[in-house]
Amino acid sequence: MSTKVSDHLLQRLREWDVDRVFAYAGDGINGLLAAWGRADDNPRFIQSRHEEMSAFEAVGYAKFSGKVGVCAATSGPGAIHLLNGLYDAKLDHVPVVAIVGQTDRSAMGGSYQQEVDLLSLFKDVASDFCEMVTVPEQLPNVLDRAMRTAYTRRTVTALIIPADVQELDYSPPQHAFKMVPSSLGVAPYAPVPADTEITRAAELINAGRKVAVLVGQGARGARAEVEQLAEVLGAGVAKALLGKDVLPDDLPYVTGSVGLLGTRPSYELMRDCDTLVVIGSSFPYTQFLPEFGQARAVQIDVDPFMVGLRYPFEINLVGDARETLTRLLPQLKPKEHGDWRTGIEKNTARWWEVMERRAAVSADPVNPEYVFHALDPLLPDNAVLTADSGSAANWYARHLRIRGTMRGSLSGTLATMGPGVPYAIGAKFAHPDRPAIALVGDGAMQMNGMAELITAGKYYKEWQDPRLVVAVLNNQDLNQVTWEMRAMEGAPQFLPSQAIPDVPYADFARSIGLDGVRVEEPGGVVPAWERALAADRPFVIDFRTDPAVPPIPPHASLDQIEAAAAAVLKGDSDRAAVVRQGLKAKIQEMLPGGHKRRGHGAGDGG
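About the cut-offs
- Residues numbered from 1 in each chain as written.
- Predicted model: local features only at pLDDT ≥ 70, side-chain atom pairs only at ≥ 80, totals over all residues.
- Heavy atoms only, no water.
- Pairing = 2+ DSSP bridges.
- Helix = DSSP H or I, 4+ residues; strand = E, 2+ residues; numbered from the N terminus.
- Axes fitted to C-alpha atoms, helices over the stretch in contact; angles between N-to-C directions.
- Contact = heavy atoms within 4.5 Å.
- Phe/Tyr/Trp six-rings, centres within 6.5 Å; stacked < 30°, edge-to-face > 60°.
- Lys NZ or Arg CZ within 6 Å of the ring centre and 35° of its normal.
- Core = buried A, V, L, I, M, F, W, Y, C linked by side-chain atoms within 4.5 Å.
- Buried < 20%, exposed > 50% of the residue type's maximum accessible area, 1.4 Å probe, protein only.
- Lys, Arg positive; Asp, Glu negative; His and termini not counted.
- Salt bridge = Lys/Arg side-chain N within 4 Å of Asp/Glu carboxyl O.
- Arc of directions from axis to C-beta.

The strands making up a sheet are joined through hydrogen bonds of the backbone, oriented either antiparallel or parallel. Spatially, the six strands line up as an open sheet ordered β9-β8-β7-β10-β11-β12, and their pairing is parallel. What marks the edges here is a single partner per strand, and that holds for β9 (254-257) and β12 (315-318). The mean angle between the axes of side-by-side strands here comes to 15 degrees, regardless of whether they run parallel or antiparallel. The pairing of strand β11 (residues 296-301) with β12 spans four bridges and is parallel. From the neighbouring strand, glutamine 299 faces β12, where its bridge partner is asparagine 316. The sheet strands contacting helix α9 (residues 223-233) are β7 (211-215), β8 (236-239) and β10 (275-279), and the helix crosses β7 at an angle near 170 degrees.

Now the structure itself:
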């Protein structure tokens, strides 16, 4: 039997070491589906419940495996559904290749069923490389460039393959005019700045007395070098949210996340430093970095397109974080670990005491901060954590301490709702021997998390470690937006937009062969976590949490707190009446004594 274009596509993916494709079927890729059958499902076809989830699962797989994530979908609506997940990958610099079908070439331009101008549709999200295969000889070059570009530029690329082209007999490009031969693979490489630029950076850093370091996901391969940098300079290290797993939080000088979702010691580190070193981060919120003119700054990033952003850096070093630090460290002069470092460590230790107090505040029925704080000491050292957008991201950022080989991520730049559960599924395919924990709000769970439990149920028996825990903050409120409305608009909760139904999430999980429990009082929190972490299958914990526990920026002043409380007072619902009675006292109880003074504070974002 002849080799079809679709057969060669799967063969070429195997040669690129692609072992699974996250996908959903449709007649626009029928040729590919038939080829999968002939190839004995190699690479594996991982079936989601929706194409957007296929894209999210490919993103999660890529984030946690270090390999390119591949997703596939049919023409028209299937291709459209991929977009949100693909934009999530693009904005977080994650390598993902999308393979999509298209109507037959003979029907193009005829307003045919499911005909969409896919080249235009993907022009932005796959701006680095997006091509349509129109003849068999074109295939290897297009696929190879898509894979190579995704790997090297850490971005999204796309292949569009018309349905009739999928069914053509494959013939390779010839040694001939207007033919483009191709080859596999991309060798590892680590660019470094010029020696003169490294020397300039060392001189700038050596001149400082109070050094702050900010790391993002681009520093993940340089953990040892960043630790050495902090020790040599007596520096504190803050982490952008995508870089939460770059350094363990049990290092006393690691101040935690920075930004609106960040910590008080990270805010103080940026507020008081005179020298800033940013490594592998495109943290977007300028207002949470040092005041302009306060600190001299150096940036290290592998991508020349991402340097020089966010802050007036004096020196922008374009290079791999590990290799650049390896060359920089010998030129740095050790600084005494004096008052600056001591203060950082004291502030960080005090912050964790504040977190413990905040978690202990009474709530109706369960304090969401306690849910996360109780999980922290129970986390396996090899856990993979995912958090969805919303208030869950606040508590993930502040209460969970990375240690051991833990990994964690969320939708950092797009901040889209819905990736928490599919990220965790992608993580399980990247690390089937490790437990995964998805931390999601009830809005995201209703949006798509419940459907993807079906996907988890379909595949969990083939994972060496079957544990995939989904913790749902069930407060019947789109809570992050509710609090943003109060803080930014001075508006009470707008129930028609914010209130959502109470759903028995654990019951649903059990109905499809998984397990779960609902927790409606604080005494049930720890036993639920322990039960979930010992389960032999995916497990859903339905935590009934209090929507009146606000995600307060850690630097907030009493004036800002009262403004949020005043917005609640405008409400006339029964819930608002409850909030009115206890909100201000509750918030003040959560804050350390030094934060109760009046005055305005800057934001703390992530």
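Read on, since the account is not over.
A separate point is the packing of aromatic side chains. Given two aromatic rings, their pairing is described by the distance between the two centres and the angle made by the two planes. Enumeration over the complete set of coordinates arrives at eleven aromatic pairs. Between tyrosine 311 and phenylalanine 313 the ring centres are 5.8 Å apart and the planes differ by 65 degrees, which places this aromatic pair in the edge-to-face class. Among the aromatic residues, those joined into a cluster by ring pairs are Phe22, Tyr61, Phe429, Tyr459 and Trp463. The ring of tyrosine 396 is capped by lysine 244, whose NZ or CZ atom sits 5.3 Å from the centre of that ring. Directly above the aromatic system of tryptophan 352 lies the positively charged group of arginine 401, at a separation of 4.4 Å from the ring centroid.

What follows deals with the nonpolar core. As a rule of thumb, nonpolar side chains are buried together in soluble globular proteins. Counting residues in hydrophobic clusters, the biggest one holds 56 residues, and the most contacted among them are Leu86, Val96, Phe122, Met445 and Val470. If one sorts the elements of this core by residue count, helix α3 (residues 51-65) sits on top with eight residues. Leaving out residues up to four positions away in the same chain, leucine 86 has contacts with Ala55, Cys71, Val96, Ala98, Phe122, Val125 and Val156. One finds Val366, Trp395, Leu473 and Val519 within the second-largest nonpolar core, a separate group that totals 38 residues.

You can see aspartate 388 is positioned in the loop between β13 (384-387) and α14 (391-399). No salt bridge forms around the buried aspartate 388; measuring N to O, its nearest opposite-charge neighbour lysine 63 is 11 Å away. If near-sequence neighbours (up to four positions away) are discounted, aspartate 388 is found in contact with Ala393, Thr416, Met417, Gly418, Pro419, Gly420, Leu439, Val440 and Ala444.

Turning to helix α2 (residues 30-38), its buried residues are Gly31, Leu32, Ala35 and Trp36. Down the axis of α2, the buried side of the element spans an arc of 145 degrees, and every buried residue falls inside it. Contacts made by the buried residues of α2 are with α1 (5-15), β1 (20-23), β2 (44-47), β4 (96-102) and α7 (163-166).

Another aspect to go through is the sheet that holds β2. Read from one edge of the open sheet, six strands run β2-β1-β3-β4-β6-β5, paired in parallel fashion. With one partner strand each, in any of the chains shown, β2 and β5 (130-132) form the two edges of the open sheet. Adjacent strand axes in the sheet meet at a mean angle of 25 degrees when their direction is disregarded. As defined by bridge partners, β1 adjoins strand β3 (residues 69-73) across two bridges and the pair is classed as parallel. Residue pairing in the sheet places phenylalanine 22 in a bridge with cysteine 71 of β3. α3 rests against β1, β3 and β4 of the sheet, and its axis sits at about 170 degrees to β3.

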